Amino acid sequence: MSFGASPSILGLFDTYPIGARLAIGEDSGFWVGNFGGIQCGIALLTNAQLFSNVGTPIDGIRPVVRIPIRSITFVSQ
């Protein structure tokens, strides 16, 4: 169970298996990486890279990224 996260937001992740390649959006851009799960209101991505809203890479690949559920604007595969 994840505390501090809305069940409707957590439902966005129900159909994605661990390891699925996802794009997770935030206000400032979006992360693309492998879904690592949800833990305590945080979405985990592995081998993830941050992109600007226009699709330009902002940073290199990171082994693990923790994204607060409350800051997520979209999830897509």
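Bear in mind that the values here come from a model prediction, so they are computed numbers and not experimental data.

(A) Examining the pattern of salt bridges more closely. In the structure shown here, the tally under the stated rule is one salt bridge. Put simply, Arg62 and Asp59 hold a salt bridge, and the shortest N to O gap is 2.7 Å. On the basis of relative accessibility, which here comes to 33%, the residue Asp59 falls in the partly exposed class.

(B) Looking closely at the pairing of strand E1 (residues 21-26). Among the six residues of E1, five are classified as buried, and the element is accordingly described as predominantly covered. Where E1 lies against strand E2 (residues 29-39), six bridges are found, and the strand directions are antiparallel. Along E2, the bridge assignment pairs Gly25 with Phe30. Taking the residues that link successive antiparallel strands as the turn, the E1-E2 hairpin has two residues. For E1 and strand E5 (residues 74-76), the ladder comprises three bridges, and the chain directions are antiparallel. Its bridge partner lying in E5, Gly25 is registered against Phe74.

Criteria and thresholds
- Residues numbered from 1 in each chain as written.
- Predicted model: local features only at pLDDT ≥ 70, side-chain atom pairs only at ≥ 80, totals over all residues.
- Heavy atoms only, no water.
- Salt bridge = Lys/Arg side-chain N within 4 Å of Asp/Glu carboxyl O.
- Buried < 20%, exposed > 50% of the residue type's maximum accessible area, 1.4 Å probe, protein only.
- Helix = DSSP H or I, 4+ residues; strand = E, 2+ residues; numbered from the N terminus.
- Pairing = 2+ DSSP bridges.

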